[in-house]
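So the chains spell out like this:
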Amino acid sequence: MNKKETNKVLSVKELFHALIFSILSIAFLFFLHHLPLNQLFIDPFSEAIKNHDVMDVAISKFRNHDDPKLFDNNIIIINSKFTNRKDIATSVNFLLNKNVGAIGVDLIFDTLHQTAEDTLLANALGNKKVVIGYTFFEHKDIRQPSFSGITSSPFFTNKSRQGYVNLASNDGFTVRAFEPFHIVNGRQVKSFALQLASIIDPEIESITKKRNNELEWINFKRVQPGSINMIPPINSNKAIHYAYSGINEFLNDTSSYPPDYFINKIVLIGFNGETQQAMSMKDRYYTPLNENYQGRSIPDMHGVTVHANIISMLLSKDFIEEVPELYLYLMSFFLFFINYLCFTKMARRKLFFMLPTVRVFQLIQFVVLFAGAILFLAIGNIKFGFILVITSVILSYELFEFYAHKLRNRIAQRINNLVEKDEPLHENSAEGEG
């Protein structure tokens, strides 16, 4: 057999090895990402960055948050400050008289004082346009449905619509997604934001159900309004994306609003800080809008503004599309396949700086994939699981080394019998004969 024919056979063999290597690597990657154990000792890099989603970079650094077109005229935020039931009842009744589209009360009245103010509030909250927030608790046994957590007294909720205000966060503070529906007390219920959006546009519920996503990524575009002392990383340019007012100022200025100002709009009443001058950490979260996505110390958004962002997304149908996991594994398979062939070629050339060359090659792949992930999300509202894909890049060389030293010869012996029974088992011998 001449050298040209030998190289052709060897290239076919390498494709076989690359294919088998990729299949085994994908199986290991699948096992790694579904392993219910601490994975730090296996994949320290992915563990270190898992709470720093690519959304944080794409949304905080590659979107213009000062664009006046972002102002959502359909949503108004009223800061309840220190909860005064009489003021809230008065505000709700005023808004209902102005033909408001929907009112979301992101407050919980769990204590019944048995006063006149309680009666006024209960009557106001009983309108079908009002949605009251509540929370649910996750069952200790994840196989069991959740159950009601902190809710308002039945005196206030007997005739009212309700929606849970729980926000999906993977570290307890950073909010990137929400659950449109959840099983609470054995039945499927809607979230606070979805309840409100459905009042304005009934098709929103069916559209969300058709998407069939357990979690929806929140397309954050509008920053936290309200406080005068907006300092980084909260809202350094003092952008305004929602009409905002403190409840006392709102009640004092009711006569200044045009008669048709509130028609078909959503008004959110909730805690947004005790005063306009002071910042409060109560009911405050990190979001991808935080200007300091690394080393964050100050949460940038109150819960009521998070719900406002969700409602804006739902009403405009401006969803973030997520690349299915199957496509991510196909992408990882392709990376394993290409990397195996590249590493094999490097090894044959016996490069003196083999390991540094491999690391530079992996670094280039990391930069390209990271840039692509940011571009797709910032411009196209397309999100793919960056950590899953980049893990395949990070582990590809270590898995290649394991395959080359532990598995290749054993597999080659079996492949050799099927492909070329007359050829020697070792490639060096084959080259010598050529």
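Above this text is the structure in question.
Residues numbered from 1 in each chain as written. Predicted model: local features only at pLDDT ≥ 70, side-chain atom pairs only at ≥ 80, totals over all residues. Heavy atoms only, no water.

A. Region of the structure containing the pattern of salt bridges. Per the stated rule, a full pass over the model turns up twelve salt bridges. A salt bridge links Glu 14 to Arg 348; the nearest nitrogen and oxygen atoms lie 3.1 Å apart. Taken together, the residues Glu 14 in helix H1 (residues 3-33) and Arg 348 in helix H11 (residues 325-348) connect sequence positions 334 residues apart. In this structure, the salt-bridge partner of Glu 398 is Arg 359, at a minimum N-O distance of 2.6 Å. Linking Glu 398 in helix H13 (residues 386-419) with Arg 359 in helix H12 (residues 354-380), this pair joins segments that are 39 residues apart in sequence. Residues joined in a network through salt bridges with shared partners are Glu 14, Arg 348 and Arg 408. (Salt bridge = Lys/Arg side-chain N within 4 Å of Asp/Glu carboxyl O. Helix = DSSP H or I, 4+ residues; strand = E, 2+ residues; numbered from the N terminus.)

B. Highlighting H12. Here H12 contains 27 residues, and its C-alpha end-to-end distance of 38 Å stays within 8% of the 39 Å for a straight helix at 1.5 Å per residue. Those residues of H12 that sit buried are Met 354, Val 358, Gln 362, Gln 365, Leu 369, Gly 372, Ala 373, Ile 374, Leu 377 and Ala 378. Of the residues one or two after H12, Asn 381 is the one with positive phi, at around 55°. (Expected span 1.5 Å × (residues − 1). Buried < 20%, exposed > 50% of the residue type's maximum accessible area, 1.4 Å probe, protein only.)

C. Representation of the packing of aromatic side chains. Here the structure, examined in full by the defined rule, presents 24 aromatic pairs. Pairing Phe 94 with Phe 250 gives two aromatic rings, centres 5.7 Å apart and planes at 75°, and the pair type is edge-to-face. Here the residue Phe 94 occupies a position in helix H4 (residues 85-97), and Phe 250 occupies one in helix H9 (residues 247-252), the gap between them amounting to 156 residues. According to the relative accessible area criterion, Phe 250 is buried, its value standing at 1%. Summarising the aromatic geometry, the rings of Tyr 257 and Tyr 261 are spaced 5.3 Å apart at their centres and angled 35° between planes, so their arrangement reads as tilted. Here the aromatic cluster, defined as three or more aromatic residues joined through ring pairs, consists of Phe 21, Phe 336, Tyr 340, Phe 343, Phe 361, Tyr 397, Phe 400 and Tyr 403. (Phe/Tyr/Trp six-rings, centres within 6.5 Å; stacked < 30°, edge-to-face > 60°.)

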